[in-house]
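Summary of structural features
The lines below spell out each chain.
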Amino acid sequence: MLHCASRKEQSAHRSVTADLSLLLCAAGIGALAEHAAPHWHRLEVLALDGNSSIGDSGIQTLAKKAAPLLPQLHTLRLSSTGMGDAGATALSESAVHWPRLTLLGLGHNSITERGVVGFTQVLQQGWWAGMRELHVEGNVFLVADSAEVDELKAAARALCAMHKVEGMVISV
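Anyway, here's the lowdown on the structure attached to this text. Model, not experiment: these values are computed from the prediction.

1. Notes on the pattern of salt bridges
Considering all chains together, one arrives at two salt bridges under this definition. Close ionic contact of Arg77 with Asp49 constitutes a salt bridge, the shortest N to O distance being 2.6 Å. Pair noted here: Arg77 is in strand S4 (residues 75–77) and Asp49 is in the loop between strand S3 (45–47) and helix H4 (55–66), with a separation of 28 residues, a long-range link. Its salt-bridge partner being Asp85, residue Arg114 comes within 3.4 Å of it at the nearest N-O pair. Placement of Arg114 in helix H6 (residues 113–125) and of Asp85 in helix H5 (residues 85–93) is noted, with a sequence separation of 29 residues between them. A relative accessible area of 65% places Arg114 in the exposed class.

Listed below in structure tokens is the structure:
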């Protein structure tokens, strides 16, 4: 696992491995997408958990600039990144670029019912047919009962039935 916590450490690492964990701000996502682009096609795990300064703008940059470069990605961990509905929407709109995604961690952000709708549509359309774990615990929509969250769970159950998967973990 490559873990870069500072600019000094980041410059010390010259290659991107199949597993990448970084501490970044929103601007760093764009720079990383541009400079590491030749190597991203091999990346399978991207863990940005705990980078609360990424926010919606960083997640939108990730979805727009980096998503097309990550065809092998199977694990995307974005818990506690300061993401709201705009970032969640951008992620769901980039689903076509991540057909191998099996784990998506979105816990402890500020996603509301509006942000959940896009993920429900992605599951219903079968873009993430291999999805096995979707972590959405600790988001704003969990404060109250939500029809959107119920729809997300229903879409996950339907996807499991369609692909004969024993179950999908949805942490709420």
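2. Description of the nonpolar core
Leu76, Leu106 and Trp128 are the most contacted members of the largest nonpolar core, which totals 35 residues. Contributing elements (two or more residues each) for this core: H4, H5, H6 and helix H7 (147–162). When residues no more than four places from it in sequence are discounted, the contact partners of Leu76 are Leu46, Leu62, Leu91, Trp98, Leu101, Leu103, Leu104 and Gly105.

3. Points about the side chain of Asn139
Its location among the elements puts Asn139 in the loop between strand S6 (133–135) and H7. Overall, Asn139 belongs to the buried group, its relative accessible area being 4%. A distance of 3.2 Å separates the side chain of Asn139 from the backbone nitrogen of Asn109, its partner in a polar contact. There is a polar contact of 3.1 Å between the side chain of Asn139 and the backbone nitrogen of Ile111.

4. Quick look at H4
In this model H4 runs 16 Å from its N-terminal to its C-terminal C-alpha over twelve residues, within 8% of the 16 Å that 1.5 Å per residue would give. Within H4, burial applies to Gly55, Gly58, Ile59, Leu62, Ala63 and Ala66. Down the axis of H4, the buried side of the element spans an arc of 135°, and every buried residue falls inside it.

The rules we used
- Residues numbered from 1 in each chain as written.
- Predicted model: local features only at pLDDT ≥ 70, side-chain atom pairs only at ≥ 80, totals over all residues.
- Heavy atoms only, no water.
- Salt bridge = Lys/Arg side-chain N within 4 Å of Asp/Glu carboxyl O.
- Helix = DSSP H or I, 4+ residues; strand = E, 2+ residues; numbered from the N terminus.
- Buried < 20%, exposed > 50% of the residue type's maximum accessible area, 1.4 Å probe, protein only.
- Core = buried A, V, L, I, M, F, W, Y, C linked by side-chain atoms within 4.5 Å.
- Contact = heavy atoms within 4.5 Å.
- Polar contact = N/O pair within 3.5 Å; in protein donor to acceptor, adjacent residues only side chain to side chain.
- Expected span 1.5 Å × (residues − 1).
- Arc of directions from axis to C-beta.

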